[in-house]
Amino acid sequence: MAVFPWHSRGRNYKAEFASCRLEAVPLEFGDYHPLKPITVTESKTKKVSRKGSTSSTSSSSSSSVVDPLSSVLDGTDPLSMFAATADPAAPDSSRKRRDRDENSIVGSDFEPWASKRGEILARYTTTEKLSINLFMGSEKGKATATSAMSEKVRTRLEELDDFEEGSQKELLNLTQQDYVNRIEELNQSLKDAWASDQKVKALKIVIQCSKLLSDTSVIQFYPSKFVLITDILDTFGKLVYERIFSMCVDNRSVLPDHFSPENVNDTAKETCLNWFFKIASIRELIPRFYVEASILKCNKFLSKTGISECLPRLTCMIRGIGDPLVSVYARAYLCRVGMEVAPHLKESLNKNFFDFLLTFKQIHGDTVQNQLVVQGVELPSYLPLYSPAMDWIFQCISYHAPEALLTEMMERCKKLGNNALLLNSVMSAFRAEFIATRSMDFIGMIKECDESGFPKDYVNCAEVWVEYTCKHFTKREVNTVLADVIKHMTPDRAFEDSYPQLQSIIKKVIAHFHDFSVLFSVEKFLPFLDMFQKESVRVEVCKCIMEVFIKHQQEPTKDPVILNALLHVCKTMHDSVNALTLEDEKRMLAYLINGFIKMVSFGRDFEQQLSFYVEARSMFCNLEPVLVQLIHSVNRLAMETRKVMKGNHSRKTAAFVRACVAYCFITIPSLVGIFTRLNLYLHSGQVALANQCLSQADAFFKAAISLIPEVPKTINIDGKMRPSESFLLEFLCNFFSTLLIVPDHPEHGVLFLVRELLNVIQDYTWEDNSDDKIRIYTCVLHLLSAMSQETYLYHIDKVDSNDSLYGGDTKFLAENNKLCETVMAQILEHLKTLAKDEALKRQSSLGLSFFNSILAHGDLRNNRLNQLSVNLWHLAQRHGCADTRTMVKTLEYIKKRSKHPDMGHLTELALRLPLQTRT
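On a predicted model such as this, the values are computed, not experimentally measured, just so you know. (Residues numbered from 1 in each chain as written. Predicted model: local features only at pLDDT ≥ 70, side-chain atom pairs only at ≥ 80, totals over all residues. Heavy atoms only, no water.)

## A closer look at the side chain of Thr 778
Examined against the element boundaries, Thr 778 turns out to sit in helix H37 (residues 772–787). Under the relative-accessibility criterion, Thr 778 is labelled buried at 9%. (Helix = DSSP H or I, 4+ residues; strand = E, 2+ residues; numbered from the N terminus. Buried < 20%, exposed > 50% of the residue type's maximum accessible area, 1.4 Å probe, protein only.)

## Focus: the pairing of strand S3 (residues 714–717)
Both S3 and strand S4 (residues 720–723) contribute to a ladder of 4 bridges, which runs antiparallel. Paired with Ile 715 across the two strands is Arg 722, which belongs to S4. Between S3 and S4, which pair antiparallel one after the other, the connecting turn spans 2 residues, and Asp 718 there sits at a positive phi close to 55°. (Pairing = 2+ DSSP bridges.)

## With respect to the packing of helix H11 (residues 285–294) against helix H12 (residues 306–318)
With their axes 10 Å apart at the nearest point, H11 and H12 run at an angle of 155° to one another. On the basis of the axis angle, H11 is roughly antiparallel to H12. The handedness of the crossing between H11 and H12 comes out as left-handed. On H12, the residues that touch Leu 285, Arg 288, Phe 289, Glu 292 and Ala 293 of H11 are Cys 310, Arg 313, Leu 314, Met 317 and Ile 318. (Axes fitted to C-alpha atoms, helices over the stretch in contact; angles between N-to-C directions. Parallel < 35°, antiparallel > 145°, perpendicular 65-115°, else oblique. Left-handed = near helix turned anticlockwise from the far one by under 90°. Contact = heavy atoms within 4.5 Å.)

## Comments concerning the side chain of Ser 724
Within the secondary structure layout, Ser 724 lies in the loop between S4 and helix H35 (725–739). Note on Ser 724: relative accessible area 0%, which makes it buried. Here the side chain of Ser 724 touches Pro 712 through a polar contact of 2.5 Å, landing on its backbone oxygen. Discounting residues that sit within four places of it in the chain, Ser 724 has contacts with Phe 675, Val 711, Pro 712, Lys 713, Thr 714, Ile 715 and Tyr 764. (Polar contact = N/O pair within 3.5 Å; in protein donor to acceptor, adjacent residues only side chain to side chain.)

## Concerning unusual backbone geometry
Phi is positive for His 400, which is not a glycine, with a value near 55°. Mapped onto the elements, His 400 comes out in the loop between helix H17 (387–398) and helix H18 (403–415). Residue His 400 is classed as exposed on the basis of its relative accessible area, which comes to 53%. In this structure, Asn 769 is a non-glycine residue whose phi angle is positive, near 60°.

Right, here's the structure in full:
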């Protein structure tokens, strides 16, 4: 192809804007409008048949305004039709109703176990090594196809025996997290085994997990172990129940909401009995108890009195457990299951409680004392292990219990020596009204109770009292409580053993003091923070403070008390960042610090605002998102100055905005992300240009151009490596839009920045089989065409762009056209290289795109440019790769444009653009 000259067509932007506006259509108030309120009309509709067959409907309305949606549906709502035709005996709906009815006895005022498990897991931890027995499985464990039922039963019994005899592997020296992971694996294995119809394997897993509850070798972890294991038991119980229930449902019948054993078919009953027989054959007491308790609900399939008979028997079974800690958690699990399955059977639960009281003295027996000596555990550390189980038992027994029973329970606890452990659970579980009316009695019991290893812990009391003080008193009293805590916890660095309680105190204080000027005026607040010497804990506390500040601080602040305190808090968070800090943690810290920076405002004192940003930059230099926020804040500060001065800077404000620009120019190079730097150079250059800092704007744009060769081929986006060319293309398109209004520097040649940018684009190593370079050249052609207009499309106030500087000078236009021809030559050369089978589709697409660019920006009255456009049209269709639909619309557009004034030459062009069909 020959080299073609470029001739830009003249543009009348105002006329083009006017032609693109939507046509205004007058609307009378009486006309229908989609945003007008819809009047709901009464419709009389024939009933729809239950079977869902279509039937005729008729409707009458008393209003002339009809809902358009209803009219389309002829008065029938599809959701209502679905509900009307739905089978009322559908298994899912009946199951939901059944579950709701069964649980209706336990109201919302009963705190469920699910709300307690998280706290238990967080509180009862250990650093000691743990062990676990994993079921290894065997070939026998797989489902086998046997013809006789007796053979199948014998095979399963052999599998259970195989498990009992040791088809397991003991894993030793596990950390707490490893242990939790293994338990989660067992839970998933249980579900997988059940899904693959390996019911015996599922039972083996549950037995194995239940056996772990007899192990108290790492006694501090036992409450958390109980939570993890009983989650698996709950899963198992649900699977068994749903399996048996599904056997009662067929195409003809479904169990009613309150079914009786007479409604259960023989197959389901037999399956249910088989499960109970299998469990009864478990040799060890603890797994036998737990597994049977987990499927207690299944007794409903066998007899009406099944559950009421099993609960007392299971209660008696617990008496055979010798370890009091293991025993009390077994009782807690039985209460859990009992409250879920039969909350009305309170007598059995009460028996469980009184059995516990009879065996309570075992806690102080020689066996327990010897065990604690072996493990090196002190009694004050051992006794709190009972609290979760005891609190739950007491809560279940006392729920909606009559006053007489609560009084009897309290008297029984007194007779056991007024033990602090029991008293603590009583006060945790009993109704608040019951406690309040006997407050003096309880105060006396607390004063005289036998602490005996369960001491009245100071910091735990302070944790409660500080919340009471925050709610009902002023900052003076809160300050007194904080001072008292500091006084008690500072000697011998006692605070190091009470970080969770101290964290709780801080959270309660900041939860009630949303006015941070009041909070930081509490004299002992910051000294209280100084007690958090462990860095990880200190950072967590600082994060909590900043989260509350961001959430509740409504107005920007310049209060020096708040600023100094929060700068200290943010500095603590920032200084915790090191090479090992995770990216998510860095993002969170940066978010909190940025939230603080955005809320700082000194009003019209812009110099003080800039000084704050300078200080913040020195303090938070290791978090890139914070530096980015500071750059944006300083740019916004410069634009606010411009707004105040209405664009007419004085000597003082001109110097100030130059200082803002210098801040950004110095800070940007310290950033790591290359596209972050590029975009900030562009943004800051635009701000400098808007404030008439022309030389500084040039410096930003030159810095951006010099940075482009450093753009790597791939960049990290949210942890994944992605090609960078699309991001570079987007940036350059934005850059070109800015360069339109940047005036040429008097000491450099015409279009100096554009030439520099073109040289960089030419030298950049683009990806093979990529057309992004040509897309960029096409954008440059659009830019140069816009630069050749007498008046540019947009301007910056008080900045003379090249249209004002050159005033249509012929030398400037000649230089512009030369650049256009150079760019066109590059585009055409690239189109030549695509004349290969695998690249013909790309050639067609790019050819049509270049044709559209010439149509939009070129002066097609020039014969050579007109001929080039015709050649491109033919090129797009040459190999049958063109998008025919797009070309048809393009040709229609040309014919439409040819009817406009001064566009008659397009009529001849349209005649020279044939549409070819694919052959």
